[in-house]
Every structure is written in structure tokens, then in C-alpha cells.
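# What the coordinates show
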Amino acid sequence: MACKCLEDLPEKIIAHCNQPQTPKQPPVLRARFKDVVFPMRDGQITSALKADILLAVEGRKTPKKTTMTFTYCPFCGVKYQEDV
């Protein structure tokens, strides 16, 4: 993985939530991304974000769920894995 967003952003979120000027709330102790996947390519494991998409399908009462894994970091735009 070329960027460090998945590692750095939770720390920044904790720091932001624990700033003195925010309304009096209990301190945030930990933060993590819920939907991180670890794809493997050519024997190397990397990390990427995924998102569940709900599709309204004609004839179904409940939405159909499908998953999309990001190729580029949605925060900084860097490609997760370089093309071989």
C-alpha cells in the first residue's frame, strides 16, 4: 500500500474528538475502520477499504447487498497497489 491513511486517520480522529474545545464528552480511546479487507496479490498482503452497497431490486422486498472494494484510497487518491 502506497499511502498510510488507514493507519493515520484513526489517530487524527481520536485527536480531533479529544480536543479541549469540543463539548464536554468522555474521551475517545480507540478508533478503527470497520470495513478493511486484506487482499493478496503476488504473495503480498495489503489493506484496502470496502463498502457494502444496497441495491433495490424489482420484485424483492429487501435490498440485495453487494460489496465494492476500493482500488484507490478514498481519502488521498493514491492507488492501493501498483500495477505489475
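So, a few notes on the structure that sits alongside this text. (Residues numbered from 1 in each chain as written. Predicted model: local features only at pLDDT ≥ 70, side-chain atom pairs only at ≥ 80, totals over all residues. Heavy atoms only, no water.)

### A look at the overall build of the protein chain
Formally: We count a stretch as a helix when DSSP gives it H or I for four or more residues in a row; a strand needs E for two or more, and each element gets its number in order from the N terminus. Atoms counted for the radius of gyration: C-alpha only. Globule rule: 2.2 Å times residue count to the power 0.38. Burial classification: accessible surface area is computed with a 1.4 Å probe over protein chains only, and a residue below 20% of its type maximum counts as buried, one above 50% as exposed, and the rest as partly exposed. The Shrake-Rupley method, run with a 1.4 Å probe, gives the accessible areas here. Residue values count only the displayed protein chains as cover. Positive charges come from Lys and Arg alone, negative charges from Asp and Glu alone, with His and the N- and C-terminal ends not counted. In this description, the location of a charge corresponds to atom NZ of lysine, CZ of arginine, CG of aspartate or CD of glutamate.
The secondary structure content of the protein chain amounts to one helix and five strands. For the protein chain, the sequential pattern of α-helices and β-strands runs α-β-β-β-β-β. Against the globule reference of 12 Å for 84 residues, the protein chain gives a C-alpha radius of gyration of 17 Å, more extended than a compact globule. By principal-axis analysis of the C-alpha atoms, the protein chain measures approximately 50 × 45 × 20 Å. Within the protein chain, the proportion of its 84 residues that are buried is 15%. Accessible area of the protein chain: about 7,000 Å², with a carbon and sulfur share of 55%. Taking the average location of the 13 positive side-chain charges in the protein chain and that of its 9 negative ones, the two points are 9 Å from each other.

### As for the packing of aromatic side chains
Under the convention used in this document: Only centres within 6.5 Å qualify two rings of Phe, Tyr or Trp (six-membered ring in Trp) as a pair; their planes then separate them into stacked at under 30 degrees, edge-to-face at over 60, and tilted for everything else.
For the structure on display, the rule yields one aromatic pair. Arranged with centres 5.7 Å apart and planes meeting at 40 degrees, the rings of Phe33 and Phe75 form a pair that is tilted. Linking Phe33 in the loop between helix H1 (5-17) and strand E1 (36-37) with Phe75 in the segment after strand E5 (64-69), this pair joins segments that are 42 residues apart in sequence. Looking at Phe33, the relative accessible area reads 21%, which means it is partly exposed.

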